[in-house]
Amino acid sequence: MLNDFILIKDYCERCNIEPDFILMLEEDGLIDITVVGESRCFPVAQLPEIERYVHLYYDLSINREGIGAVKHLLSQIDDLQEEVRRLQNELRFYRSFEEE
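Basis of the calculations
Residues numbered from 1 in each chain as written. Predicted model: local features only at pLDDT ≥ 70, side-chain atom pairs only at ≥ 80, totals over all residues. Heavy atoms only, no water. Pairing = 2+ DSSP bridges. Helix = DSSP H or I, 4+ residues; strand = E, 2+ residues; numbered from the N terminus. Axes fitted to C-alpha atoms, helices over the stretch in contact; angles between N-to-C directions. Contact = heavy atoms within 4.5 Å.

- Under an unreviewed UniProt entry, the chain has the name Chaperone modulator CbpM and belongs to Candidatus Caccoplasma intestinavium.

Okay, here's the thing in structure tokens:
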């Protein structure tokens, strides 16, 4: 089970970031933190998301409210891209009947 989680302490030491930043992400509802034994961890599946937030906060100096806004906008973009793909497939389907 511990293989499915990354210790916050270890991650922060390796990436030179403050553990409070990870806790802030949880407070803002952006990630989930689990306690395993006496250690706080986050699921391995959230690593790409956390790395994106680290980049936004530390490299681009986007504040915590901005990170939430960016996440919302990226989610909307993903939804719109999925809708475009669905509509393109539907259009191809109907155009295939015109070609016959």
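Text resumes after the structure shown.
1. Description of the sheet that holds strand S2 (residues 34-36)
Part 1: As summarised here, the arrangement of the 3 strands in space is S1-S3-S2, forming an open sheet in which the pairing is antiparallel. Whereas interior strands pair on both sides, the edge strands pair on one side only; in this sheet they are strand S1 (5-7) and S2. Direction aside, the axes of adjacent strands within the sheet are offset by 50° on average.
Part 2: Of the pairings in the sheet, the one linking S1 to strand S3 (residues 39-43) comprises 3 bridges and is antiparallel in character. In the sheet register, Ile-6 faces S3, and the bridge partner there is Phe-42.
Part 3: Each of S1 and S3 touches helix H1 (residues 8-15); the most contacted strand, S1, lies at about 65° to it.

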